[in-house]
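Examination of the molecular architecture
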Amino acid sequence: MSRKRLPVLLSAAEILRLEQWLRAGSTPQQVVLRARIILAAACGQPDQRIAKELKVQRRTAALWRRRVGEQGIGCVWEIAPGRGRKAHYGAAVLARIVAATLHTKPQGSTHWSSRALAQVQGVSKNTIQRVWQEHQLKPHLTKSFKLSRDPKFLEKLTDVVGVYLTPPQNAVVLCVDEKSQIQALDRTQPGLPLKPGRCGTFTHDYERHGTTTLFAALHVVEGRVIGQCYPRHRHQEFLKFLGRLDGEFPGEVTLHLILDNYGTHGHERVRRWLTKHPRFVLHFIPTSASWLNLIERWFAELSQKAVRRGVFHSVKDLQRAIQDFLTAWNTNPSPFVWTATVEKLLEKIARCQRRLEQIQPGCTQPKRKTKCVVI
């Protein structure tokens, strides 16, 4: 006498959810297999046919048919207790490995490697790598940062973020900066092209053929970039670029410029020029806070896609490549959208300050101007 097959009744939402799990690249393979069994059972296929198509035992198909009927589709993510290989090391050993990674350094080195720490802890390197992966520890990686110590940090931060989140009416917001000393580098030998199974290559050494400086302004709303290359980055070139912006946006529309604190931007001749052109309104970002200027994000695109892997035999070749990238970008511009609020930024900065003060008290205090004593 044959065993009665339990029907699997799924709603449209449950079927959609199972299909999403199947398509997701992060779904474990055992969950993918269970989802396929359930979907096949929901279509009315018998256990024998499901087992043959998915290459599993018939009782496996019957098991998941029964579990889904009793517990729902969420049970496919559950792992029964007692299954799998048992942990060889206890919680004390794992805690000791994590503590050593976070609070110690090997003699003569700046950070641990998996093999060096495994030798000290008396475990295998695979154990160290597994513990690091479980606790998201990456001793071999670092990121650069700089916490601003500008005395007017909050005032400038509020001003710039306010312009991003609530742009002024009937005005244009431009993020302006210069990318100086862009080198025209020529490789000593031609690089190997990209091919299946191998990335492109270029030689580690190079020949310098001069530099150029790019003055650029990012239209925050449209994503369009106005750029001009100059041989130097003095106040004379900055005045020429301001004249270029004055011509790019004719009429009386107000231009709000977001700038850094480079000395060129506050030169006396620049201030006189701005006095004669009152429609230019300047917003200065805090010192050591270039991440507030969206043009820096566009400079990263330029470096990655046009400059870093380029081969230039002269400065003119470099300037031509920059202009080609500008033209291609402005054909279909993609604006960068600012979403962070002042409150969220201040929370992150406060956490960073507390941690830095624990390491070195006083290192986050605003800088004070030193007075020169004449004897």
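Quick caveat: nothing in here was measured; it's all calculated off a predicted structure. (Residues numbered from 1 in each chain as written. Predicted model: local features only at pLDDT ≥ 70, side-chain atom pairs only at ≥ 80, totals over all residues. Heavy atoms only, no water.)

Core analysis: the biggest nonpolar cluster contains 40 residues, and Leu-214 and Trp-298 have the highest contact counts within it. At the level of elements, α8 (153–165), β1 (171–187), β2 (206–219), β3 (225–230), α11 (295–307), α12 (315–331) and α13 (342–359) are the ones that each hand at least two residues to this core. (Core = buried A, V, L, I, M, F, W, Y, C linked by side-chain atoms within 4.5 Å. Buried < 20%, exposed > 50% of the residue type's maximum accessible area, 1.4 Å probe, protein only. Helix = DSSP H or I, 4+ residues; strand = E, 2+ residues; numbered from the N terminus.)

Quick look at the pattern of salt bridges now. Tallying each qualifying case throughout the model produces 12 salt bridges. Across the salt bridge formed by Glu-53 and Arg-49, the nearest N and O atoms sit 3.2 Å from each other. Here Glu-53 pairs with Arg-49, and both are found in helix α3 (residues 47–54), just 4 residues apart, close to one helical turn. When the shortest N-O distance is used, the salt bridge between Arg-279 and Asp-246 registers 2.5 Å. Separated by 33 residues along the polypeptide, Arg-279 in the loop between α10 (268–276) and β5 (280–284) and Asp-246 in helix α9 (residues 235–248) bring together distant segments of the chain. According to the relative accessible area criterion, Asp-246 is partly exposed, its value standing at 23%. Salt bridges sharing common partners tie together Glu-222, Arg-224, Arg-244 and Glu-248. (Salt bridge = Lys/Arg side-chain N within 4 Å of Asp/Glu carboxyl O.)

The next thing to look at is the packing of aromatic side chains. This model, assessed by the stated rule, comprises 10 aromatic pairs. Consider the rings of Phe-215 and Tyr-230, whose centres lie 5.4 Å apart with planes at 80°: the pair is edge-to-face. Here Phe-215 is found in strand β2, whereas its partner Tyr-230 is found in strand β3, with 15 residues between them in sequence. The exposure class assigned to Phe-215 is buried, which follows from its relative accessible area of 1%. (Phe/Tyr/Trp six-rings, centres within 6.5 Å; stacked < 30°, edge-to-face > 60°.)

Right, let's get into the pairing of β1. Of all 17 residues in β1, 12 are buried, a share of seventy percent or more. Sheet topology places β1 next to strand β4 (residues 254–259); 5 bridges connect them, and they run parallel. Along β4, the bridge assignment pairs Leu-174 with Leu-257. Pairing of β1 with β2 involves 11 bridges; the strand directions are antiparallel. Bridge pairing in β2 links Leu-185 to Arg-208. (Pairing = 2+ DSSP bridges.)

Read across the open sheet, the 5 strands follow the order β3-β2-β1-β4-β5; overall the sheet is mixed. Both edges of this open sheet fall to β3 and β5, since each of them pairs with a single strand only. Geometrically, the sheet is characterised by an average inter-axis angle of 30° between neighbouring strands, direction not taken into account. Across 6 bridges, β2 lies against β3 in antiparallel orientation. Bridge pairing in β3 links Thr-213 to Tyr-230. (Axes fitted to C-alpha atoms, helices over the stretch in contact; angles between N-to-C directions.)

Right, let's get into the environment of Arg-224. Relative to the elements of secondary structure, Arg-224 occurs in the loop between β2 and β3. Given a relative accessible area of 25%, Arg-224 falls into the partly exposed group. With 19 residues separating them in the primary sequence, Arg-224 and Asp-205 have C-alpha atoms 35 Å apart. What Arg-224 contacts, discounting residues up to four positions off in sequence, is Ala-217, Leu-218, His-219, Glu-248, Phe-249, Asn-330 and Pro-333. Side-chain polar atoms of Arg-224 contact the side chain of Glu-222, separated by 3.3 Å. (Contact = heavy atoms within 4.5 Å. Polar contact = N/O pair within 3.5 Å; in protein donor to acceptor, adjacent residues only side chain to side chain.)

Packed helices, taken two at a time, are described by the angle between their axes plus the distance between the axes. Packing of helix α2 (residues 29–42) against helix α4 (residues 58–71) leaves a shortest axis separation of 9 Å and a crossing angle of 80°. The angle between α2 and α4 falls in the class roughly perpendicular. Residues Arg-34, Ile-37, Ile-38 and Ala-41 of α2 lie in contact with α4, whose contacting residues are Thr-60, Ala-61, Trp-64, Arg-65 and Val-68. Here the residues of the contact of α2 with α4 sort into 6 nonpolar, 1 polar and 2 charged. (Parallel < 35°, antiparallel > 145°, perpendicular 65-115°, else oblique. Nonpolar A, V, L, I, M, F, W, Y, C, P; charged D, E, K, R; others polar.)

For Gln-136, which is not glycine, the phi dihedral falls at a positive 55°. Along the chain, Gln-136 turns up in the loop between α7 (125–134) and α8. The phi torsion at Ser-288 lies on the positive side, around 60°, for a residue other than glycine. Relative to the elements of secondary structure, Ser-288 occurs in the loop between β5 and α11.

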